[in-house]
Amino acid sequence: MELILAISIGVLGGSGVWLLMRPRTFQLIIGLSLLSYAVNLFIFSMGRFPVGRPPILDPGTSGDPAVFADPLPQALVLTAIVIGFATTALFLVVMLASRGLTGGDHVDGRGPGR
Amino acid sequence: MQHLAILPIAVPLLAGAIMIPMEDQRGRLRAALGIASALALVAFAVMLAWQAHLGGAVSIYRLGNWPVTFGIVLVVDRLAALMLVLTAVLGLSALLFSLTRWQRMGPHFHALFQFQLMGLNGAFLTGDLFNLFVFFEVLLAASYGLALHGSGIARVKAGLHYISINLAASLLFLIGVSMIYGVTGTLNMADLASRIPALPAENRPLLEAGAAILGMAFLTKAAMWPLGFWLGPTYAAASPPAAAIFSLMSKVGVYAILRLSLLLFGEDAGASAGFGGTWLLAGGIMTIGFGAVSVLATQDLSRLAGGCVLISSGTLLAAIGAGQVAVTGGALIYLASSALAIGALFLLIELLERGREVGADVLAVTLEAFGDGEGEEEEEETNEVGTVIPATMAVLGISFMCCALVLAGLPPLSGFIGKFAMLSGILNPVGLGEGPPSLSLGGWALLVALVLSGFATVLAMARAGIRSLWANTRSVPLVGVVEIAPVLMLIGLCVAMTAAAGPTTRYMQAAAESLHTPREYVRGVMEARP
């Protein structure tokens, strides 16, 4: 489980960083999306991996933290997903505006080749 | 007034939300609502600063009345209140300035502006790392809209770079926050500060790595070299009211570094005490150097102001890195005066450039370099009596000169007081004339960088001023009272800070002292009871 998660964060993060360095806005936005998936998984992994444990206490019990999952990273991931989604949508709009104004999808507005 | 602390966040949020669906063809209602909200923010901020200074202690506002460490807290201390005052004053001036022209350049200017103010206020008030992230995103999302306000190819191009860099920095922010949570199990800043000293040695490298990654996100915002190349083009392309409020946005990064480095890695932090100080000092000095070179090299007034933002950020970061109470106190005075002066400068530049041909600055510098020979001499003969400087130009010129004095740190204005306090703190932490002066290598480097950057600013501003004010008497820009009033107000505040140098210095020194002894902050937050 740890290995699979670590490898997937690594692959997503690595591909994201590589795409971030590319000169086309489309590659840029895909790179940012991949990176944000990697970061979301990373936040999730910071709550350790309690498999099959609920994050919510039963009513009336005080509960031992050891048998419950930590709900906070889950809440953080949820917030991060929502914010990341909104900013990506906003970025897409700017990308389209740039495409319309410059006629190309190079990040500097112009570049060698098409 | 126990709910006073939430008002700087709630009022602009409500005002902005009401503005979006408003039926308002000519924009008068929106403008009136925006100005009213900005005026209210000034009043709240001044009241909070007054309370923080008189009360001395840290005051806490618990959202939803949840016990501390379970719920989210807002914390008002002297530093937070100072930043609130700066936000409110700069916001009000930029809004007033936008009334004549800029508010009509694009849709939803006023709503975006209110959300920007809300994000800034929230980032200064929050006592919780994840909430800091949320408010950062609020202010960034609003700033994306404001940076693009007015549209045009230059803005979209600069905006694209600005947004992508900030999205990447936000991801670093998240990684840092989650690593710190993974190690310590809390996100409340005061709780973090009380847990860090007791952290087992094997977890310390992980915490420090997390803090360093978090710091990268803040330093990108503060535009430390080499993370700050986005700043020049973005600020130069943004519309002047947006640029004026952006000048405070780079101070948010500085604020977060100042708050967190002294709270989490202050003298009580055990083995991690003083973490990152050397890096801040070195990076700050490099930023000062980069800013100084860019003010000297630029041919464009907006880029000149961008260079001043870089110098100001660098000075503050290096002063934080120096890690002495006296230097921090001086840095706070410098922070307030440079934020006001840069805001005024961005507004002023638009007035100066009005009615001039595009590329006139570039031409002026080229002429300076290669000489234009005979043409000028003939002109001088016909003008033996000299030209009368129009009143508008005189007011603009004096304002420009005041901005230059504050930014270069020359007497008699408040920039000098800040720089002098920093220099005296570096030369002798105990106070000048008491005990032998002790100066490390880093201290020397900072001293030289501070003096040289002031010199570079004077040179660059004098050249720009001569070219755009004296050599340009024939085309006088049309300037409305509503446009020059905010500039004069910001400069007037710098003058007031100079006139009331005693109380200002006492406030800033008290703020610096409480930052350097985080026990008071931690106790104030952790012992807050319903």
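As annotated in an unreviewed UniProt entry, chain B carries the name Multicomponent K+:H+ antiporter subunit D and is attributed to Muricoccus roseus.

Per an unreviewed UniProt entry, chain A goes by the name Multisubunit potassium/proton antiporter, PhaC subunit (TC 2.A.63.1.1) and belongs to Muricoccus roseus. In its Subcellular location (unreviewed entry) section, the UniProt record describing chain A reads: "Cell membrane".

Section: the overall build of chain B
Counting its regular elements, chain B contains 21 helices and 2 strands. Here the C-alpha atoms of chain B give a radius of gyration of 23 Å, agreeing with the 24 Å that 2.2 N^0.38 yields for 530 residues. If one aligns the C-alpha atoms of chain B with their principal axes, the spans along those axes are about 80 × 65 × 40 Å. Across the 530 residues in chain B, those meeting the buried criterion constitute 56%.

Some details on the overall build of chain A
A count of helices and strands for chain A gives 3 helices and 0 strands. Ordered by position in the sequence, the α and β elements of chain A form the string α-α-α. For chain A, the residues scored as buried account for 24% of the 114 residues in total. Considering only contacts in chain A between residues 6 or more positions apart, those separated by 24 or more positions represent 51%.

With respect to the confidence of the model for chain B
All names here are of chain B. The predicted model of chain B has a mean per-residue pLDDT of 85, with 90% of residues at 70 or higher. Confidence scores differ between elements of chain B, with helix α15 (residues 374–382) showing the lowest mean pLDDT of 45 and helix α4 (residues 109–125) the highest of 93. Low pLDDT, under 50, characterises residues 373–384; the predicted model gives this stretch 0 contacts beyond four residues in sequence or across chains. Interface predicted TM-score (ipTM) for the complex: 0.91; the corresponding pTM is 0.89.

Some remarks on the UniProt feature "transmembrane region" (unreviewed entry) in chain A
Residue and element names in this part refer to chain A. Feature annotation in UniProt assigns "transmembrane region" (unreviewed entry) to the following positions: residues 6–21, 28–47 and 75–97. As annotated, residues 6–21 comprises 94% helix and 0% strand, and the C-alpha atoms at either end are separated by 23 Å. Taken end to end, residues 75–97 is 100% helix and 0% strand, and its first and last C-alpha atoms sit 34 Å apart.

With respect to the domain arrangement of chain B
By convention, interface size is frequently given as the accessible area that disappears when the constituent parts associate. Residues and elements named next belong to chain B. When the domains of chain B are assigned, the result is domain 1 (1–272) and domain 2 (276–357 + 390–521). Relative placement of domain 1 and domain 2: their C-alpha centres are 21 Å apart. Those elements that provide at least two residues to the side of domain 1 that touches domain 2 are α3 (78–98), α7 (189–195), α8 (204–222), α9 (231–237) and α10 (240–264). The greatest single-element share of the side of domain 1 that touches domain 2, amounting to 13 residues, is contributed by α10. Residue composition of the side of domain 1 that touches domain 2, by class: 30 nonpolar, 10 polar and 4 charged.

What to know about the interface of chain A and chain B
If you look at the interface, chain A gives 27 residues, while chain B gives 22 residues. The element best represented in the side of chain A that touches chain B is helix α3 (residues 71–102) of chain A, accounting for 15 residues. Residues of the side of chain A that touches chain B, tallied by class, amount to 20 nonpolar, 7 polar and no charged.

Considering the pairing of strand β2 (residues 73–76) of chain B
All names here are of chain B. Residues of β2 alternate between two faces, with Val73 and Val75 on one and Leu74 and Val76 on the opposite face, all of them buried. Bridge count for strand β1 (residues 59–62) against β2 is 4 bridges, and the pairing is antiparallel. Bridge pairing in β2 places Ile60 opposite Val75.

Some remarks on the packing of helix α2 (residues 28–55) of chain B against α4 of chain B
All names here are of chain B. Running from amino to carboxyl end, α2 crosses α4 at an angle of 15 degrees, the nearest separation of the two axes being 10 Å. Relative to α4, the element α2 is oriented roughly parallel. For the element pair α2 and α4, the recorded crossing hand is left-handed. Of α4, the residues touching α2 (which contributes Arg30, Ala31, Gly34, Ser37 and Leu41) are His110, Phe113, Gln114 and Leu117. Here the residues of the contact of α2 with α4 are counted per class, giving 4 nonpolar, 4 polar and 1 charged.

Quick notes on the environment of Arg104 of chain B
Note on placement: Arg104 of chain B falls in the loop between α3 and α4. Here Arg104 of chain B falls in the partly exposed class, since 14 other C-beta atoms lie within 10 Å of it.

Quick word on unusual backbone geometry
Residue and element names in this part refer to chain B. Backbone torsion omega between Trp225 and Pro226 reads 0 degrees, so that peptide bond is classified as cis. Take Pro226: it is sitting in the loop between α8 and α9. Residue Pro412 is reached from Pro411 by a cis peptide bond, and omega for that bond is 10 degrees. Structurally, Pro412 is set in the loop between α16 (391–408) and α17 (414–427). For Asn65, which is not glycine, the phi torsion reads 55 degrees and is therefore positive.

Observations concerning the packing of helix α11 (residues 277–297) of chain B against helix α18 (residues 441–470) of chain B
Residues and elements named next belong to chain B. Running from N to C, α11 and α18 cross one another at 20 degrees; their axes reach a closest spacing of 9 Å. One element, α11, and the other, α18, form an angle in the roughly parallel class. Here the hand of the crossing between α11 and α18 comes out left-handed. Here α11 contributes Leu281, Ile285, Ile288, Gly289, Gly291, Ala292, Val295 and Leu296 to the contact with α18, which in turn contributes Gly442, Ala445, Leu446, Ala449, Leu452, Ser453, Ala456, Thr457, Leu459 and Ala460.

Observations concerning the nonpolar core
Generally speaking, nonpolar side chains in soluble globular proteins are found buried as a group. Residue and element names in this part refer to chain B. If you look at the biggest cluster of nonpolar residues, it comprises 217 residues, and the most contacted ones within it are Leu348 and Cys403. In terms of residue count, helix α13 (residues 325–353) provides more of this core than any other element does, 20 residues in total. Counting contributing residues per domain, this core is built from domain 1 (1–272) and domain 2 (276–357 + 390–521), each supplying no fewer than three. Look past the residues within four positions of Leu348 in its chain and what remains in contact with it is Leu396, Ser399, Phe400, Cys403 and Val487.

Some points on the environment of Asp58 of chain A
All names here are of chain A. Within the secondary structure, Asp58 sits in the loop between α2 (25–45) and α3. A count of 9 C-beta atoms within 10 Å places Asp58 in the exposed class. Note: C-alpha distance between Asp58 and Leu76 (18 residues apart in sequence) is 22 Å.

Some details on α2 of chain A
When the terminal C-alpha atoms of α2 of chain A are compared, their 30 Å separation across 21 residues agrees well with the 30 Å that a helix rising 1.5 Å per residue should span. For α2 of chain A, the elements touching its buried residues are α1 (2–20) and α3 of chain A together with α6 (153–184) of chain B.

Section: the environment of Leu301 of chain B
Examined against the element boundaries, Leu301 of chain B turns out to sit in helix α12 (residues 301–322). In sequence terms Leu301 of chain B and Glu350 of chain B are 49 residues apart; their C-alpha atoms lie 9.1 Å from each other.

Considerations on α16 of chain B
In an α-helix, one turn spans 3.6 residues; hence positions three or four apart end up facing the same way. Residue and element names in this part refer to chain B. For α16, which comprises 18 residues, the first-to-last C-alpha distance of 26 Å matches the rise-based estimate of 26 Å (1.5 Å per residue) to within 8%. Those residues of α16 lying buried are Met393, Leu396, Ser399, Phe400, Cys402, Cys403, Ala404, Leu405, Val406, Leu407 and Ala408. Next to the buried residues of α16 lie α12, α13, α17, α18 and α19 (481–499). Gly409 sits one or two positions beyond α16 and adopts a positive phi of about 75 degrees.

Criteria and cut-off values
All residue numbers refer to positions counted from 1 along the written sequence of the respective chain. Just so you know, chain letters begin at A and ligand numbers begin at 1, following the order they were written in. Restriction of local features to residues with pLDDT of at least 70 applies here, the model being predicted, together with a cutoff of 80 or more for giving and counting side-chain atom pairs; totals for whole chains, interfaces and linings are based on all residues. UniProt positions are given in the numbering used here, feature names are shortened, and annotations may be inferred rather than shown by experiment. In this description a helix means any DSSP run of H or I spanning at least four residues, a strand means any run of E spanning at least two, and both kinds are numbered starting from the N terminus. Atoms considered for the radius of gyration are the C-alpha atoms alone. The globule rule reads 2.2 Å times the number of residues to the power 0.38. Every C-beta atom is placed from the backbone, and the number of other C-beta atoms within 10 Å of a residue's own sets its class: buried at 20 or more, exposed at 12 or fewer, partly exposed in between. In this description, any two residues whose backbone-derived C-beta atoms lie within 7 Å of each other are considered to be in contact. Along the chain, pLDDT gives the predictor's confidence residue by residue, from 0 to 100. Segmentation into domains, and thus their bounds, comes from an automatic or database assignment. Classification convention: Asp, Glu, Lys, Arg as charged; Ala, Val, Leu, Ile, Met, Phe, Trp, Tyr, Cys, Pro as nonpolar; all other residues, Gly among them, as polar. Pairing between two strands requires that DSSP report at least two bridges joining them. Orientation is described by lines fitted to C-alpha atoms, with helices fitted over the stretch in contact, and by angles between N-to-C directions that extend from 0 to 180 degrees. Note on terminology: angles under 35 degrees are roughly parallel, angles over 145 are roughly antiparallel, angles of 65 to 115 are roughly perpendicular, and the others are oblique. Should the near helix be turned counterclockwise from the far one by less than a right angle, the crossing is left-handed, whereas a clockwise turn marks it as right-handed. Only buried residues count toward a nonpolar core: Ala, Val, Leu, Ile, Met, Phe, Trp, Tyr and Cys, linked into one set through C-beta atoms within 7 Å. Between the first and last residue of a helix there are one fewer steps than residues, each counted as 1.5 Å, and that sum is the expected span.

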